[in-house]
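Residue-level structural notes
Each chain, written out:
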Amino acid sequence: MRAVFQAVTGLAVVGAAFGCGMALQTYLYKDACLDLGGGQNPGGHPICVVVTQPGWITIGPLTLKPDQVELVSVTASAGGNSAVSLKISPQAADALNGLSANALGEQINISVGDTVVSTVTVRDTIANRSLIVVMSNEPAARLAGVY
């Protein structure tokens, strides 16, 4: 009788641990999905759907949605390039800080829509809300029109 009780208790502990692990994994997956700018597919399907628009800026895996960008300023320069100044929301800055901390020494792409406008090597964490990205005039104009 005691052996049966121990077996049932052991299975209950293993089942509870498995359930807690699955709940933690679900939370972490949803959190990572939101950090990437995505959300769950309508209907409650457990997949991450990241929808980017043609003019949205993407830094590595992080897509900045229009509500995450507070200010955009484009300064055109000679040679067909523009300096784009962005001021991002505190939540987006936190996500960018985490991204840069995890990507130290690695290269990440900066894109506007499907166009890669720059590839940079992360040398330090990005801890502020203001960014300046140099890109050609066409994606800069698209970016200014969206945000």
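Given the structure is predicted, the values throughout are model-derived calculations rather than measurements.

1. Side note on helix 3 (residues 137-146)
- For helix 3, the full list of buried residues reads Pro139, Ala140 and Leu143. Taken end-on, helix 3 shows its buried residues confined to a sector of 105°, consistent with a single buried face. Summarising the geometry of helix 3, the exposed residues directed more than 90 degrees from the buried face are Ala141 and Gly145.
- Taken together, the buried residues of helix 3 touch strand 3 (57-59), strand 5 (69-76), strand 6 (81-88), strand 7 (107-112), strand 8 (115-121) and strand 9 (130-136).

2. Considering the side chain of serine 111
- Mapped onto the elements, serine 111 comes out in strand 7.
- Owing to a relative accessible area of 10%, serine 111 belongs among the buried residues under this scheme.
- With sequence-adjacent residues up to four places away left out, serine 111 is seen in contact with Trp56, Ile57, Thr58, Val116 and Val117.

3. Describing a nonpolar patch on the surface
- On the surface, a cluster of nonpolar side chains totalling about 340 Å² of accessible area is made up of Leu24, Tyr27 and Leu28.
- Inspection of the secondary structure assignment puts tyrosine 27 in helix 1 (residues 2-35).

4. Some remarks on the sheet that holds strand 5
- Spatial ordering of the open sheet is given by 5-6-9, a layout of three strands whose pairing is antiparallel. Each edge of the open sheet is held by one strand with a lone partner, namely strand 5 and strand 9. Strand-to-strand twist across the sheet, computed as the mean angle between neighbouring axes with direction ignored, equals 20°.
- Bridge count between strand 6 and strand 9: seven bridges; the pairing is antiparallel. Along strand 9, the bridge assignment pairs asparagine 81 with serine 136.

Each value, and the rule that gives it
Throughout this description, residue numbers start from 1 for each chain and increase along the sequence as written. Note on the predicted model: pLDDT of at least 70 is required for a residue's local features to be given, and 80 or more for side-chain atom pairs to be given and counted; whole-chain, interface and lining totals, by contrast, use all residues. Water and hydrogen atoms play no part in the side-chain values, which are based on all heavy atoms of the structure. When a residue's accessible area, from a 1.4 Å probe over protein chains only, is under 20% of the maximum for its type it is buried; when over 50% it is exposed; and in between it is partly exposed. Put simply, DSSP marks the helices as runs of H or I at least four residues long and the strands as runs of E at least two long, and each gets a number from the N terminus on. In this description, the arc belongs to the directions extending from the helix axis to the C-beta atoms. Working rule for contacts: check all heavy atoms of both residues, and any pair within 4.5 Å makes them a contact. A patch is a set of surface residues, each over 30% in relative accessible area and not in a salt bridge, joined within 9 Å for like charges and within 5 Å for the nonpolar side chains Val, Leu, Ile, Met, Phe, Trp and Tyr. Under the convention used here, a 1.4 Å probe and the Shrake-Rupley method define accessible areas, while residue burial counts only the protein chains that appear. Each salt bridge in this description consists of a side-chain nitrogen of Lys or Arg and a carboxyl oxygen of Asp or Glu lying within 4 Å of one another. Strands are treated as partners if at least two bridges between them are detected by DSSP. Helix axes use the C-alpha atoms of the stretch in contact, all axes being lines fitted to C-alpha atoms, and the angles between their N-to-C directions lie in the range 0 to 180 degrees.

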